[in-house]
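Topology and contacts: notes
Residue-level listing of the chains:
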Amino acid sequence: MTPRLTTLDGLPKGVARPGYLPSAHGVGIVHLGLGAFHKAHQAPYTDTALAVAAGDWRIAGVSLRSPKPTLQLGPQNGLFTLIERDSKGSRARVIGAIARALCLGPDRAAVMDALTAPATRIVSLTVTEKGYGVDRSTGGIDRGHKAIAHDLLHPDAPIGVAGLLILALGLRRAAGVAPFTVLCCDNLPDNGALVRGLLVDFARHAAPDLADHIAAEVAFPATMVDRITPASTEATRAAARQMTGCLDEAAVEAESFCQWVIEDHFPTGRPAWEAAGALFVSDVRPYEEMKLRMLNGAHSMLAYAGFMAGHAHVADVMADRALARLVHRHLGAAAATLPPLPDVDLEAYAAALMGRFANPHLRHATFQIAMDGTEKLPQRILAPAVAALEAGQPIDAFAFATAAWMRYVRGMREDGTAHDLRDPREEALRAALADTPAETVRALMALPGLFPRALRDSASWTAAVTGRLERMLAQGMKAAIAEEDRAARSAEA
Ligand code: CS2
């Protein structure tokens, strides 16, 4: 029988393993959101930092809802395989940085102990864009968000990020323990300031005496995180088993590329993540904008257009020559909205992204990227669209991406079968669908807090989106892609 992965002993030679003795290091980080991205990004960065520079920086991982991560990692002593894939092949690496896995529901007391322990100096977060409950038009709490509403009513038994962190920061303060640093690792614009705004506003409502303390004493460094990480599947686990000789329920796979740019503001210390290649800077924003507008913006465009054109995976999109050219056009249009970054060549970045998207060894589903469009569009597509409009640059690429999203929002494939939307505003989206493309565009653009005023008020933007949505609906996505590509090429010529 194949043994479960529980120990580093006996792993085959080709499998990389921690360059330190995991049990010799204490926990210094609590991570909320124990999903594939954390396991493929922060956990391996921490693994390398521990090997190079030691320290008590292992991670207590917390799943806010699903018991799955604890069921997978618990019996494996936190060990899991990361499979890194690129054109040269696949490599397996067992990661030892996760000391324990907890699930908030059954393990509430242990989670609170971890959050209030003086040894915990960082609380990091990957809960996805919709996990926070920020009202993006005010920067404060969104009272309609389920976890925010719950935690305002039950501040002693919170289920969301804001409630948990405020309760823990209050207990630490009462006990005379320094606050932890809050490290947001989600693809949100200015993510440190965004979470700071959320917590300060939540405190104003739930624990007013804490608001000033948080504003003055808690550090919220901003980050840009990057590693393409498809959801784990049976095939991931089968590959891990084949490479390690062990059953690994917690295995993840990712591209070999990874990047982490972090604002260096950690008053109570941090792991030596630079040992693993993290870049510490004073201002993350230009890197973050570059990544959100170029990588994530092109990703969202290709996910909506690709899914509707029948492409299940990103690599299939990149094999569709017309659509791949539109991905390239999108990257160029996004780059044109960015300020120059010293030491970064945006053309080279775009070329590298084309290669990363085309990675044939990654099965990254367009459907996975398509999820939560209302949370992603603003920073990925709409902000650069406003910038392009204001600078008098072409808006076609952004209008095409937006129309493709609106086509996707119909929830119906071209063969008439339904598909899920998987968006927190799903009901409002469905209610906005109208009989004509023009009415649909108008209704979707009127959803509160989604489209910036500059776009809503622009006749040229509205016409650019409407014309494209009409074509997508009347002629199908493939024909719309071909026409867009033709027009783009003649504009370039
Ligand atoms: C993707 C991102 O699912 C998505 O929305 O665009 O998860 C993307 O793969 C990562 O940000 C890459 O770093």
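Whatever comes next refers back to the structure up there.
Residues numbered from 1 in each chain as written. Predicted model: local features only at pLDDT ≥ 70, side-chain atom pairs only at ≥ 80, totals over all residues. Heavy atoms only, no water.

1. Describing the site of the ligand
Taken together, the neighbourhood of the ligand is formed by Asn187, Asp226, Arg227, Ile228, Lys291, Asn296, His299, His364, Ile369, Lys376 and Arg380. Contacts to the ligand include asparagine 296, whose side-chain N or O atom sits 3.0 Å from an oxygen atom. Histidine 299 has a polar side-chain atom sitting 2.8 Å from an oxygen atom of the ligand. Out of a free accessible area of 340 Å², the ligand has 89% covered by protein chains. At the level of elements, α10 (285–308) and α15 (373–391) are the ones that each hand at least two residues to the shell around the ligand. Tallying contributions element by element places α10 first for the shell around the ligand, with 3 residues. In the shell around the ligand, the residues fall into 2 nonpolar, 4 polar and 5 charged. Looking at which domains feed residues into the shell around the ligand, each of domain 1 (22–281) and domain 2 (285–492) supplies at least three. (Near = heavy atom within 4 Å. Polar contact = N/O pair within 3.5 Å; in protein donor to acceptor, adjacent residues only side chain to side chain. Areas by Shrake-Rupley, 256 points an atom, 1.4 Å probe, with all protein chains shown as cover. Helix = DSSP H or I, 4+ residues; strand = E, 2+ residues; numbered from the N terminus. Nonpolar A, V, L, I, M, F, W, Y, C, P; charged D, E, K, R; others polar. Domains from an automatic or database assignment.)

2. Describing the packing of aromatic side chains
As enumerated under the stated definition, the model contains 8 aromatic pairs in all. On the basis of an interplanar angle of 80 degrees and a centroid distance of 6.4 Å, the ring pair of phenylalanine 266 and phenylalanine 280 is categorised as edge-to-face. Here phenylalanine 280 lies in strand β11 (residues 279–281) and phenylalanine 266 lies in the loop between β10 (259–263) and β11, a separation of 14 residues in the sequence. Like phenylalanine 266, the residue phenylalanine 280 is buried in the burial classification. With a centroid separation of 5.3 Å and an interplanar angle of 75 degrees, the aromatic rings of phenylalanine 307 and tyrosine 408 are classed as edge-to-face. Taken together, the positions of phenylalanine 307 in helix α10 and tyrosine 408 in helix α16 (residues 396–409) put the pair 101 residues apart, joining distant regions of the chain. There is no split in this pair, since phenylalanine 307 and tyrosine 408 are both buried. Every member of this aromatic cluster is reached through a ring pair, and the members are Tyr45, Trp260, Phe266, Trp273 and Phe280. (Phe/Tyr/Trp six-rings, centres within 6.5 Å; stacked < 30°, edge-to-face > 60°. Buried < 20%, exposed > 50% of the residue type's maximum accessible area, 1.4 Å probe, protein only.)

3. Topic: helix α7 (residues 191–206)
The terminal C-alpha atoms of α7 lie 22 Å apart, and with 16 residues this matches the ideal 22 Å at 1.5 Å per residue to within 8%. Taken together, the buried positions of α7 are Asn191, Gly192, Leu194, Val195, Leu198, Leu199, Val200, Asp201, Phe202 and Ala203. (Expected span 1.5 Å × (residues − 1).)

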